[in-house]
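Examining the three-dimensional arrangement
Each chain, letter by letter, is given below.
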Amino acid sequence: MSHMLTRRSAICFALASGVGTLSDIPLSRKAAASTDNEARWWKEAVVYQVYPRSFQDTNGDGMGDLPGLISRLDHIQALGATVVWLCPHYDTPDIDNGYDIRDYRKVNPDLGTMADFERLVSELHQRGMRLIVDLVVNHTSDEHEWFRQSRSSRNNPYRDFYIWRDGRDGGPPNNYPSFFGGSAWQLDAPTGQYYLHYFARKQPDLNWENPKVRQHVYDIMRFWLDKGVSGFRMDVIPYISKPDEMPDLSPEALILPEYAYANGPHVHDYLQEMNREVLAGHHLLTVGEAGGVTFEQTPLYVGSDRHELDMIFHFDLAHLGRVDWKMQPWTIPQLKSMVIQEDQSGGPHGWSATFLENHDHPRSVSRYGDDRPQGRIQSAKALAVLLLMRRGTPYIYQGEEIGMTNIPFSSIADFEDINAHGIWKTTVESGAMDATEVLPDLRRTSRDNARTPMQWDASENGGFTTGKPWFRVNPNHTEINVAHQKHDPQSVLTFYRHLIALRANHRTLIYGAFQDVDPSHPAVFAFTRTDQNERFLILINLTGEPQNYVLPITARITDVLLTSTSNPQSPLPAELPAWHAGIYRIEA
């Protein structure tokens, strides 16, 4: 059917149609890709991020493992994801949840064996899926053999694998802060010099100016490519090139040091060399964690003419309303502005990575939605539309597909994260702030919120382990879990499955141009996805209140593909229910 609809009447038609169930979604394969975008498998992929220690335990030790991940691959496949991103699986002393690597060629024995890893790759390939792994090469563990050698004497051949400096006036070489609190320099008594660590003191930074370091990194990458991985998520990759001479940071730079640490003078030389020596010709997915990279600098990393990375993670949306760990008020127009800038940041030759959650950020329903019982399901669905209907490769974090929420914290003793304890030490324990000032914001922003065990069912420990879990299971696992949702046609999980199928079957929803048609509206995100043959309108009410909404463009709606509310309210007046989200085909 076809009706000419303008402004208010367009929304009236959509709501009057009564389409809200998931069983009548038309899925067409006729859409053509935009001529402005070259097809690539990683653009069409949906990536599912696994934090292995919290995903599934099989041996009762309370920590997730690779056999556990293998046992749950059918869940990931049924969701519609085509790629698994595995957080660090390497041998580690584990002071930063695996991001401190002791041996890049060994599997963390807590997670399993190399045979388990090889079986994981095989099982994924049998399902037509791929695996990407974390590449953590800005720093190593201080227990890595390179560093053990490096710190043994100033003349050791590995000394120049790390960044060593003499102190200044009885203190560190400069005023660089660590992201985990305190100075980024650690005095090492055996040789009387300081080594640099942007993160924990047990995570010394590698010296990428040394070509031997770079060649070792490339050899490590080849090792895992030979094991069958299809790409890399590159941890803090813009930090690998250090500032020339490393002068003191200005007071302004000290507020957000990631902008001083990123984009060093040789970072693009290193990434282009990596591409030439390792990545070129393999049709891999490469995504960089890119804190400190501005939207304007993005094309230098992701432009296809640059031969560096395929995409990067921006954190402007994740940091909306935040200054470090402290929360501030934010608005929906600000959120939309971040999305728009992120979409445009790649330039004419680039591509984006879209996400709302990962292992370093709190749960999106608690962050942007409403995690109370009355709003959790609908806000989770609205946020799913925001994630999956944008332009870019979407990354779903484990548990996001069932609407997992933040976990309650009553005191600092409840936190596992080294970063949270570092913040507490420099604020409360130092006497600079009162606990009542710090704890409320830390509850909302801590990385621990994303690291609670996956909620598979309502049994003890959520079906995650038969032993004592390494970290507390969220008490709400009895209501929020996979078992309750997988056969429920109105569940968050079912909605995710249909959204992913919708994207897979309409190339316009992958390659089509993105345009925000109402950027200043205080509650509704209205945008279009357009290709030469198709056009879609996406509407999301990002509030818990119904919205009388007037669409500011003329549109002829020909089909209602999917809405998140099963019983739309009366179309007169046009009113979007709380947390309503819908995808509509409109005449191109």
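What about the overall build of the protein?
Counting secondary structure elements, the protein contains 19 helices and 24 strands. Here the protein has a C-alpha radius of gyration of 24 Å; the compact-globule value for 588 residues is 25 Å, and the two agree. With the principal axes as the frame, the protein shows a C-alpha extent of 80 × 50 × 50 Å. Across the 588 residues of the protein, 61% fall into the buried class. Restricting the contact set of the protein to residue pairs at least 6 apart, pairs at least 24 apart contribute 72%. Accessible area of the protein: about 22000 Å², with a carbon and sulfur share of 49%. Computed over 55 positive and 73 negative side-chain charges, the inter-centroid distance for the protein is 3 Å.

Regarding the packing of aromatic side chains
Using the criterion set out here, one finds 36 aromatic pairs in the structure. Arranged with centres 5.0 Å apart and planes meeting at 85°, the rings of phenylalanine 223 and tryptophan 224 form a pair that is edge-to-face. An aromatic cluster is built from Tyr90, Tyr104, Phe117, Trp146, Tyr158, Phe161, Phe223 and Trp224, whose rings are joined through pairwise contacts. The side chain of arginine 72 reaches across the aromatic face of tryptophan 456, ending 3.9 Å from its centre.

Considerations on helix H12 (residues 332-344)
A rise of 1.5 Å per residue sets the reference length of H12, with its 13 residues, at 18 Å; its end C-alpha atoms lie 19 Å apart and thus fit the reference within 8%. Of all the residues in H12, the buried ones are Ile332, Leu335, Lys336, Val339, Ile340, Glu342 and Asp343. Seen along its axis, H12 keeps its buried residues to an arc of 165°; they face one direction.

A few points about the confidence of the model for the protein
On average, residues of the protein carry a pLDDT of 91, and 92% of them reach 70 or more. Confidence drops under a pLDDT of 50 for residues 1-36, and excluding neighbours within four residues, the segment shows 96 contacts in the predicted structure. Low confidence marks residues 568-573, where pLDDT is under 50. Its contacts with residues over four positions away, or in another chain, come to 14 contacts.

What about the pattern of salt bridges?
Inspection of every chain in the model, using the stated rule, returns 31 salt bridges. Across the pair aspartate 74 and arginine 127 runs a salt bridge whose closest N-O atoms are separated by 2.9 Å. Residue aspartate 74 is located in helix H4 (residues 73-79), and its partner arginine 127 is located in the loop between helix H5 (114-126) and strand E6 (130-135); the two are separated by 53 residues in the primary sequence. When its relative accessible area of 46% is taken as the criterion, aspartate 74 is described as partly exposed. Arginine 447 is the salt-bridge partner of aspartate 96, the closest N and O atoms lying 3.3 Å from each other. With aspartate 96 in the loop between strand E4 (90-91) and strand E5 (103-107) and arginine 447 in the loop between helix H16 (435-445) and helix H17 (482-485), the pair connects residues that are 351 residues apart, well separated along the chain. Classification of arginine 447 by relative accessible area gives buried; the value is 11%. Through salt bridges with shared partners, a single network forms among Asp91, Arg102, Asp142, Glu143 and Lys202.

Side note on the packing of helix H15 (residues 418-429) against H16
At a minimum axis separation of 10 Å, H15 and H16 run at an interaxial angle of 160°. Judged on the interaxial angle alone, H16 and H15 are roughly antiparallel. Seen along the crossing, H15 lies across H16 with a hand that is right-handed. In this structure, H15 contributes Ala420, Ile423, Trp424, Thr427 and Val428 to the contact, and H16 contributes Ala435, Val438, Leu439 and Leu442. Taken together, the residues that form the contact of H15 with H16 break down as eight nonpolar, one polar and no charged.

Digging into the layout of surface pockets
Space inside the second largest pocket adds up to approximately 810 Å³. In terms of lining residues, the second largest pocket is bounded by 35 residues, among which Arg40, Trp42, Lys43, Ser304 and Asp310 are the most central. A total of three residues in the lining of the second largest pocket trace back to one element, the largest contributor, which is helix H2 (residues 41-44). Among the residues forming the lining of the second largest pocket, the class breakdown is 12 nonpolar, 15 polar and eight charged.

The rules we used
Residues numbered from 1 in each chain as written. Predicted model: local features only at pLDDT ≥ 70, side-chain atom pairs only at ≥ 80, totals over all residues. Heavy atoms only, no water. Helix = DSSP H or I, 4+ residues; strand = E, 2+ residues; numbered from the N terminus. Rg over C-alpha atoms; globule rule 2.2 N^0.38 Å. Buried < 20%, exposed > 50% of the residue type's maximum accessible area, 1.4 Å probe, protein only. Contact = heavy atoms within 4.5 Å. Areas by Shrake-Rupley, 256 points an atom, 1.4 Å probe, with all protein chains shown as cover. Lys, Arg positive; Asp, Glu negative; His and termini not counted. Charge placed at Lys NZ, Arg CZ, Asp CG, Glu CD. Phe/Tyr/Trp six-rings, centres within 6.5 Å; stacked < 30°, edge-to-face > 60°. Lys NZ or Arg CZ within 6 Å of the ring centre and 35° of its normal. Expected span 1.5 Å × (residues − 1). Arc of directions from axis to C-beta. pLDDT = per-residue confidence, 0-100. Salt bridge = Lys/Arg side-chain N within 4 Å of Asp/Glu carboxyl O. Axes fitted to C-alpha atoms, helices over the stretch in contact; angles between N-to-C directions. Parallel < 35°, antiparallel > 145°, perpendicular 65-115°, else oblique. Left-handed = near helix turned anticlockwise from the far one by under 90°. Nonpolar A, V, L, I, M, F, W, Y, C, P; charged D, E, K, R; others polar. 1 Å grid on protein atoms, 1.4 Å probe; cavity = no way out; pocket = protein on both sides within 12 Å on 5 of 7 lines; lining within 4 Å. Points joined across faces, edges and corners; volume = space filled by probe spheres on them.

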